[in-house]
Every structure is written in structure tokens, then in C-alpha cells.
Amino acid sequence: MATIKELDTTGVGRVSDWCPACGNFGILMALKQAASELGLDQAKTVMVAGIGCAPKMSLWIDVSGFQSIHGRTLPVATGLKMANHELNVIATSGDGDGYGIGACHFVHAMRRNIDMTYLVHNNQVYGLTKGQASPTSDKGSKSKSTPFGVIEVPFRPLSLAITSGATFVARGYSGDIPHLKQLIMEAHKHRGFALIDVLQPCVTFNKINTYKWFQSKVYKLEEEANYDPTDKMAALKRSEEWDIKIPIGVYYREQRELYTDKLPEIKDAPLSKQDISNIDIEPLYEAYS
Amino acid sequence: MDFTWKIGGEAGYGISVTGQIFSRACMRSGAWTYDYSEYPSLIRGGHNTYQVRVADRDVTSQTHAVHLLVALDQKSYDRHKDELAADAVVLFDPANVKAPGGLPLPMSEIVKRHNGQPVMRNMVALAASLALCGVDFSVLEELIRFSFGKKGEDVVNHNIDVSKDGYDAVKEHPFAYKVPNATEEKRINIGGNESIAMGAMKSGCKFFSGYPMTPASEFMHFYAKHERSMNVMMKHTEDEIAGILMAIGAGHAGVRAMTATSGGGFALMTEALGMAAMTETPLVVVVASRPGPSTGLPTWTEQSDLRFCMHASQGDFPRIILTPGDHEECFEAGLQAFNYAEKYQVPVIILTDKYLGANARSVHPYKVPEGWTIDRGKLITDPPADYERYALTDDGISPRAVTGSCVFGAFSNEHDTNGDFTEDADMRNKMMEKRDKKLPIMQAEIEGKVRYYGPADADVTIFSWGSTKGPVLEAMKLGEAIGLKIALVHTCCVLPFPTEEMRGYLEKAKRPVLIEGNIAAQFGGVIREYTGIEIKDKYLRYDGRPFYPEQILKWLQ
């Protein structure tokens, strides 16, 4: 079991290059705490990431990593998990990477219910490309790419997740590390595809959705005595809340068979551990004779 | 004996199943067969054809002349009557077709007599065709059991009864070509795509992910069909991008993985292809091309994606492009591609086209060449404590641990020996040069992929790649008959380019000519790029149709 210090990468010369006070730091800390508390094996835990500020997180935690191309986190993570279901797969992405260019993969990964945790850092702006509006930018937001304000309505990741078949749908806030750590641990323990959309201020390019702004808006779902996260319609209703108050916590969860549960070919051993040295194809010729 | 049987009708009439059974019946009786089909991009209606060349020797392409035509509708007669040989027989249903001089076969009437569905007219025509060429009825009976057995005894018997009447109706009628009833050896009738898939399966490829696209969907079907019996995984993904990425993910986890598509799908895959190269993840991609640009002619053939495959994805990186010429070479490519991908940790593309991929031919069941084994290159299962995934080595190939065995990163960014992101100029040079170092060893690996066919003192030497091999070999036989000595220099590998072998043949050729299926003479350009020699004489085809041996000969003359 790795300690938080052992998960740190500064010792191996990898030092994070996020802006000072970036919301990503809170997410990284929550992840390290969760990984340490869960006792995750560093080699068997793979962080799969795309491109952007958020996906850089895979560099700064000392577990196995695969940094894919922009928007293409989930299919690589899926291939890895299908090939070796003994791996702990954590996918990470940003709102541009995951909800913009990668939106198609997002929908289908949830439908499939592969066992993995998907952390999306949602700061409502493209940071690494220096400040364009993202799919989750509020209507009217002004940015380098929208000097007259965003015309579209924002992408609602949680309602899309609930209706697309995700079996664990949560929202965290990078300003509340203990709460986020708890969410990550729950997501990891959940058997199925677990989405955590993490609200995160971009201190450089997003001057609206700041720490102060989030601080005044977020409230915890679990503090409501009557909230039932297995009630899909109730979850859907909450997932539309944004303008006045924003719920954080587990919106929705259900138990559903994994995609890989239905594959008898990996019942005895992961695909990656099967012997390929002497495969007999003779019986296949019959169909062509 | 060398004749062609052809059936035509609307899509949805069971044309291709009928064609396959005819071909297999002839093959089981002792003939060699080459199947060729044409179909438009639709599910019902249109005009589909399936033709089978039947011969007493191994044949490698279709020819123009038709000797036995089955006209299920008027269009089939009208469109193909000009292809009929002088001694041809036309089987037609007098209920709906007029074919002067043809042999009427009351298909509808026979089917009605047995209370059958109209689609069973095919069986009547099929049985009558086999009767004309002397195939024993028992061969068809066995094939009906083989093909419809799963549908139950009633369906089998119903088809046999209908067929028997068709068979008996014409069995006394003369026909110039008789299939010998002597099967001494086992043959299979298989398409190029499935031949590659068979090689991949033997080679331990356990993971296929992809998206359907004509003419490459057979790969998906093959892997899906054998998922349980062969313990492999097939994932139909949301798009081609996910198709290639999942294969890369599986490859990174240590599983031999592949995807397959046509040009349009490959266009979507190109960014990920470069990622496989950058992360040095073994990957095999089959590109079964069809005429472009864009949607082009979706169900026809063309060789216009050669340059595209050679240059797909940004940046410079080594890759292997295999271009098998016939069904046996397809199996060989499927068998070797995964060894190459793992040995060199590079993407391997197998480039074919609709013509070779989709059309079946009778061959001996494939045997693994003597001495072939699975070669996983520098794969290590127990990495040392100081393991570095991208260690600098003399040959540019680093020991490869798989995810799960130790902590390491794989990044689409440039990285250092440990796999960590870097923008250091010196490290960048080292990594570029490390990947580039694989080229000379890969070059040695592909020796023998340029193959010479025909007499050493040929009057004319044809240079080609990929699927043109079959029709050219047949054209060589036609040339022999009229005293024209034709040779073929064919390559099953375009990258690394076999420069020295190719230059040697070019310098020796009395009259070098280029034959390929695209308007830009892409292969000719590649030859010139690597050898400095331009082949001026070019026969190019880009109408979606394959080369025909008769036309090649005519053009050479």
C-alpha cells in the first residue's frame, strides 16, 4: 500500500506545472489520499488520460499511465480493461477533452458499463489552449473564442450520464478535498462505470466560476435526509440544478451487470494472460469446405 | 475444362449464397474455383451478380466469357448476353424471362409444385446448373445439409426435393464442360479478408475492435463468430476512432490486437495510428480499400490508398505495410503481421482491397510455414527494478513490459527513456533516432517479399503490388499461348520499400510496365522515389472494376 508520499512524483523529477492555486491540485490530492487509503497497487493501477491541463494529472501520481490523444481517453481505458480486467483503471479528462471532442466515447462507455472510474475536471474553459469557451461554459460566457458570449446552452454531463446508462454518477468540488476523496473511494468500490464530474476553478482563464462562486453555490446531497440516489428521476431532476445552487455528492447509483461479466472467454483468466503458443485453427476450415 | 457460371438477380434474392454453394459443389467434386461478385450498395433490389470460374487447374482471377448464365430476371439476361461464349447455355425461368435460344427451366413452377417460397427458385437453378456440368446430385445434397442443417430437417428435405426436380429437368441436356468427379484432396473456398483473419487467429490475435465498413466487415463477423469457440474478444465500437484505440489499449495490456476498415474509416484512425507509433504499442490494422475519394464507389474496388497508408498520421515514424497479392499471401500476412508488430513495436498495416478481400477462391487449407513460431520480440514479463520502457538500445527496440507488471508511463507526447514527458532537444533527437533505427532491421526482415513469376527472358515485365497479382498471372498464361513471354515482379510489402530487389529487376527488365488500380500511378511514383527509375508504360484502372487477364494481354499487345 503506497503512502501519499510514495505516490508523489517530485522525487522522480516530475513536478506539476499547473498554475498556482489551480483547482487541479485539490483533485490530485484527493486522488492520492483515496488511492493510498484504498491501498491500490501502483503497478496494477493505470491512469488513462487525454490531452489538456486536467489529463496531465496522470503524470503527477506515481502509478502506471497512458496518456492518449485529445478526447480519446475512454476507448484506450476500455481496451486495457477488456484485455486485462485485473487492472484498476482510472480515466481522467477535462470538460473539453471529455465532453467536447470525446463526447461520443463518453456516451458509449456509460452504456457499456465497464468497471472503471472516470474523473472529469470541469472548469468550463479550455485552459491549455489559453482560454476558449468549452462545452460546459455557461450561456453568454465571454472568452477568446466567444468575444460576444456563448450562444449555445451548456452541456449537462450528469443528466446525460444518467440517461446514457452510467451506474454511478457523482459530482465533486476541488475546493472540498475530504468530500472528493470520499467520492473517489466510493466510485472505485462501485462495480461499474463511475463518473465523477469535478467542479474546478480555472484561476487564469475563468473569472466567473471562481472558488468564491462555487463556495456560495455547492451543497451536499448526502446531507439531505430524504435524498435517494437510486431514484433515477429524482437524480435527473437534481442534475439540472445549476443557476441557484449546485448539488455535490452521489446523484445516482445502480447495480448492473458489467460488460465483461457477459464474456465467457475471460471467465478463467484475463485475455492478456492466455496462452497463444499453440492455437489450432484446423476446425475453422470446415465452414469453408 | 475452364468455364464460367454466372447468376444474376436482385439483392435479397440469395444470389451470393447460391453462388457459394455452386462454387463449393464444384470444388468438392474436384474442380478449382475462383468466385467473383458484383453488387451495388443496397439491401433490396438493384442488380447483383455472382460468378464462378471452374477449372481443372488452380485459377487466380475471373475472366469475361460466361458459359453458363442463370437469369432469374430479365435484367440478368439483357445485361450479360454480350458476355456469353459461343457454346454458352442460358438457364432461364420462362415465367418471367425471355432468353431466345436459352434453356427454359420452369423454376417458379417447380417451386410452386412443392409449396416453396419464390426465393427457392435459386435452388432449382443451382441444381440444374450442377446437373449440366455433371456434378453428382449427392454433392449438392450434402451441401444443402451443410448449409441449412441448422434450420432443421424439414427445411433441408424441402430444399432437397425442390433441387431434385431442377436437377432432373435438365440432366440430359448437353453442356460442353464437365466437372470431374474425383476429389482426391481437401480444398477450401475462402475470401482474402477471412484468409487474413485466419492467419491472425493462428498468430494469437485475441482482440478485435472495429466498426463495420464495406469491404472490411468480414473481420468483425469472423471474430464475433469465433468469440466463444476460440476464446477471443470482438468489440463493435461506436466509431473507427474507438476501434483503433481499444486495440491499442489491448495491445498495451499485452494482447495481440487488431482493427480493420476501409479508406474512410482509416481516415478517422490516422491520429491514433501515430499514437501507436509514439507509444511503440504493437498494432495491426487491415485496410481493405475501395474507390475514393470520400464515399466513392462503396462496393467496388481500387488500389488508391497506398500513398494514404504510407503517409497516414502526422510526423515521421517507421511502419510496415504488407500488400498481399492472393489468398495464400493474405494468410501469410495475417500470420506475420503480429510477429512484426511485436518484434519492432511498430504499427503494421495490411493493405488489400475489395477485389482480393471479398472474393473467394479455392485453395489448399493453409499450413503454417516450416519453422514459423510466435515471436513476441522483446516482451518481458518480469521487469527489473531499474526498468525503463523506452531504454536506448543499439537496434532502437526497447524491452517491453506490459501494464500491470511495473509502474511506467506511455505518452503520446515525446518522452524520455522512462516514458516521462519531455521537451528536451537532446532527448527528442535520441528518441526520434531510436525509433528510426528500427528501419534497417525491418528492411532485412522483409527480404523475399518481392517475388518473380514467369520466364527469366521475358519480353515484358509487369511490376505490381497487392491484388493485381491474380489477373496478371492469368494474363501470363494467355500470353504463353500466343508466344508472348510475360513476367511479373510483385511485392507483398511496400514499406519498408524493397529498394535493391526492385532496382535489380527494373534494370534487368527488357520492357518494364506498371499495372495498378489507381489514376495517379501511386506505386510507380514510389518505385521512382526509391530507385530513381521511372516506368513509363502504365496500365491504370480506376473505374471500380478489377483487372481482367484478357484486357491486360490486349493492352500489352
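Rules and cut-offs
- Residues numbered from 1 in each chain as written.
- Chains lettered and ligands numbered in written order.
- Predicted model: local features only at pLDDT ≥ 70, side-chain atom pairs only at ≥ 80, totals over all residues.
- Heavy atoms only, no water.
- Salt bridge = Lys/Arg side-chain N within 4 Å of Asp/Glu carboxyl O.
- Helix = DSSP H or I, 4+ residues; strand = E, 2+ residues; numbered from the N terminus.
- Buried < 20%, exposed > 50% of the residue type's maximum accessible area, 1.4 Å probe, protein only.
- Phe/Tyr/Trp six-rings, centres within 6.5 Å; stacked < 30°, edge-to-face > 60°.
- Lys NZ or Arg CZ within 6 Å of the ring centre and 35° of its normal.
- Contact = heavy atoms within 4.5 Å.
- Buried area = accessible area lost by both parts, 1.4 Å probe.
- Polar contact = N/O pair within 3.5 Å; in protein donor to acceptor, adjacent residues only side chain to side chain.
- Core = buried A, V, L, I, M, F, W, Y, C linked by side-chain atoms within 4.5 Å.
- Disulfide = S-S within 2.5 Å.
- Pairing = 2+ DSSP bridges.
- Expected span 1.5 Å × (residues − 1).
- Domains from an automatic or database assignment.
- Axes fitted to C-alpha atoms, helices over the stretch in contact; angles between N-to-C directions.

1. Some remarks on the pattern of salt bridges
A side chain of one charge can pair with a side chain of the opposite charge if their charged atoms are brought near each other.
All names here are of chain B.
Move 1: Here the structure, examined in full by the defined rule, presents 53 salt bridges over all chains.
Move 2: We note a salt bridge from Arg121 to Asp93, for which the minimum N-O separation is 3.0 Å. On the criterion of sequence distance, the pair formed by Arg121 in helix α4 (residues 121-132) and Asp93 in the loop between β5 (84-92) and β6 (103-104) is long-range, its members being 28 residues apart. When sorted by exposure, Arg121 lands in the same class as Asp93, which is buried.
Move 3: By sharing partners, the salt bridges in this structure join Asp326, Glu329, Glu332, Lys449, Arg451 and Lys469 into a single network.

2. Digging into the packing of aromatic side chains
Any pair of aromatic rings gets described here by the distance separating the centres and the angle formed by the planes.
Move 1: If you walk through the whole model with that rule in mind, you get 29 aromatic pairs over all chains.
Move 2: Grouping aromatic residues by their ring pairs yields a cluster made of A:Tyr99, A:Phe106, A:Tyr118, A:Phe155 and A:Phe193.
Move 3: Here the guanidinium or amino end of B:Lys164 rests over the ring plane of B:Phe137, the centre of that ring lying 5.1 Å away.
Move 4: Above the plane of the ring of B:Trp300 lies B:Arg545, whose end atom (NZ or CZ) is 3.6 Å from the centre.

3. Looking at the interface of chain A and chain B
You'll often see interface size given as the accessible area lost when the parts meet.
Move 1: The partner chain B presents 68 residues to the 54 residues of chain A that form the contact.
Move 2: Surface buried jointly by chain A and chain B totals about 5,000 Å² across both partners, of which 65% is contributed by carbon and sulfur atoms.
Move 3: For the chain A face of the interface with chain B, the top three residues by lost area are A:Ile276, A:Tyr285 and A:Tyr288, together amounting to 16%.
Move 4: Here chain A is connected to chain B by three salt bridges.
Move 5: In this assembly, chain A and chain B are joined by 21 residue pairs in polar contact (both at pLDDT 80 or more).

4. Points about the environment of B:Gly264
Move 1: Along the chain, B:Gly264 turns up in helix α10 (residues 263-279).
Move 2: Accessibility expressed as a relative area gives 41% for B:Gly264, which makes it partly exposed.

5. Structural notes on the nonpolar core
Move 1: Formed by 86 residues in total, the largest nonpolar core has its most connected members in A:Leu195, B:Phe207, B:Ile244, B:Phe266, B:Leu273 and B:Phe523.
Move 2: With residues near it in sequence (within four places) discarded, A:Leu195 still touches A:Tyr99, A:Phe106, A:Tyr118, A:Val120, A:Pro157, A:Leu158, A:Ala161, A:Phe168, A:Val169 and A:Ala170.
Move 3: Core analysis: the second largest hydrophobic core is formed by 50 residues, B:Leu322, B:Phe331, B:Leu356 and B:Met442 among them.

6. Notes on the state of the cysteines
Move 1: Throughout the structure, instances matching the rule amount to zero disulfides over all chains.
Move 2: The cysteine B:Cys205 is free of any disulfide, with B:Cys330 supplying the nearest cysteine sulfur at 15 Å.

7. Some points on the pairing of strand β1 (residues 2-11) of chain B
Residue and element names in this part refer to chain B.
Move 1: With eight of 10 residues buried, β1 lies mostly within the body of the structure.
Move 2: Here β1 runs beside strand β3 (residues 45-55); their pairing, made up of nine bridges, is antiparallel. Considered in β3, the bridge of Lys6 is made with Gln51.
Move 3: Two strands pair when backbone bridges link them, and β1 and strand β4 (residues 66-71) are joined in this way by four bridges, in the parallel orientation. By the bridge assignment for β4, Ile7 is matched with Val70.

8. Overview of helix α7 (residues 177-189) of chain A
All names here are of chain A.
Move 1: Compared with the 18 Å implied by 1.5 Å per residue over 13 residues, the 18 Å span of α7 between its first and last C-alpha is a close match.
Move 2: Of all the positions in α7, only His179, Leu180, Lys181, Leu183, Ile184, Met185 and Ala187 are classed as buried.
Move 3: Looking at the buried side of α7, the elements it contacts are α2 (24-38), β4 (116-122), β7 (168-173), β8 (193-199), β9 (218-220) and β10 (246-253).
Move 4: At the N-terminal boundary of α7, the capping side chain belongs to Asp176, with an oxygen 3.3 Å from the backbone nitrogen of His179.

9. Looking at the domain arrangement of chain B
Residue and element names in this part refer to chain B.
Move 1: In terms of domains, chain B is made up of domain 1 (2-170), domain 2 (191-363), domain 3 (378-445) and domain 4 (450-556).
Move 2: Placing a centre on the C-alpha atoms of domain 1 and another on those of domain 2 gives a separation of 33 Å.
Move 3: Together, the buried faces of domain 1 and domain 2 total about 1,200 Å²; carbon and sulfur atoms form 51% of this surface.
Move 4: Interface area lost by domain 1 to domain 2 is led by Tyr34, Asp35 and Tyr39, which between them contribute 39%.
Move 5: Arg361 is paired through a salt bridge with Asp58; the nearest N and O atoms lie 2.9 Å apart.
Move 6: Where domain 1 touches domain 2, the interface holds nine residue pairs in polar contact (both at pLDDT 80 or more).
Move 7: For the side of domain 1 that touches domain 2, the element with the highest residue contribution is strand β2 (residues 32-38), accounting for seven residues.

10. Section: the sheet that holds strand β9 (residues 233-236) of chain B
Residue and element names in this part refer to chain B.
Move 1: What the seven strands build is an open sheet, ordered β9-β8-β10-β11-β13-β12-β21; its pairing is mixed. Among the strands making up the open sheet, the edge pair consists of β9 and β21 (493-495). Each neighbouring strand pair of the sheet contributes to a mean axis angle of 20 degrees, computed without reference to strand direction.
Move 2: Note: strand β8 (residues 205-210) against strand β10 (residues 256-261), three bridges, orientation parallel.

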